[in-house]
Amino acid sequence: VLKDDAPADKTSVMLALEREGIETREMLPLLSQPFYAKKGHDLRKFPVSLRVKERGFYFGIYPQMTDEDIEHIVSTFGKILQKQEATA
């Protein structure tokens with residue numbers, strides 16, 4: 001979940017990670033599922049879930065990941081945020 005003061009929005013960070021070969025997926029909080037809307041739940045009444053939906057995403061991970069794979073993700077994520085901050 002990106003901080004509120006992150007130098008970039010979720011979509012641009014996800015696209016930059018994908019360009020670097022790091023898979024991402026949208027966060028899908030349970031309360032945003034159509035079933036809950038049919039039951040009358042309004043996601044705006046759940047600010048934490050709404051924030052996670054708007055600012056959160058998953059990195060692609062798998063059981064055979066190496067320490068080098070993890071370091072690549074962390075390093076790339078940091079570089080993307082630094083680059084976005086420099087252009088902001």
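This report concerns the structure included in the present document. (Residues numbered from 1 in each chain as written. Predicted model: local features only at pLDDT ≥ 70, side-chain atom pairs only at ≥ 80, totals over all residues. Heavy atoms only, no water.)

**With respect to the nonpolar core**
Okay, so step 1: Listed in full, the 12 residues of the largest apolar core are Leu2, Ala8, Val13, Met14, Ala16, Leu17, Ile22, Phe57, Met65, Ile73, Ile80 and Leu81.
Okay, so step 2: For this core, the elements supplying multiple residues, two or more each, are α1 (10-19) and α4 (67-87).
Okay, so step 3: For this core, the leading source of residues is α1, giving 4 residues.
Okay, so step 4: In contact with methionine 65, other than residues within four places in its own chain, are Gly60, Ile70 and Ile73. (Core = buried A, V, L, I, M, F, W, Y, C linked by side-chain atoms within 4.5 Å. Buried < 20%, exposed > 50% of the residue type's maximum accessible area, 1.4 Å probe, protein only. Helix = DSSP H or I, 4+ residues; strand = E, 2+ residues; numbered from the N terminus. Contact = heavy atoms within 4.5 Å.)

**Some points on α1**
Okay, so step 1: For α1, every residue scored as buried is listed here: Lys10, Val13, Met14, Ala16 and Leu17. Seen along its axis, α1 keeps its buried residues to an arc of 165°; they face one direction.
Okay, so step 2: If you check the start of α1, you find a side-chain oxygen 3.0 Å away from the backbone N of threonine 11, and it comes from aspartate 9.
Okay, so step 3: Taken from the residues just after α1, glycine 21 is the one with a positive phi, measuring 85°. (Arc of directions from axis to C-beta. Polar contact = N/O pair within 3.5 Å; in protein donor to acceptor, adjacent residues only side chain to side chain.)

**Describing the layout of surface pockets**
Okay, so step 1: A volume near 190 Å³ is recorded for the largest pocket.
Okay, so step 2: Counting residues per element, the ones that place at least two in the lining of the largest pocket are α1 and α4.
Okay, so step 3: Ranked by the residues each element gives to the lining of the largest pocket, the list is headed by α4, at 5 residues.
Okay, so step 4: In terms of residue class, the lining of the largest pocket is made up of 2 nonpolar, 2 polar and 4 charged. (1 Å grid on protein atoms, 1.4 Å probe; cavity = no way out; pocket = protein on both sides within 12 Å on 5 of 7 lines; lining within 4 Å. Points joined across faces, edges and corners; volume = space filled by probe spheres on them. Nonpolar A, V, L, I, M, F, W, Y, C, P; charged D, E, K, R; others polar.)

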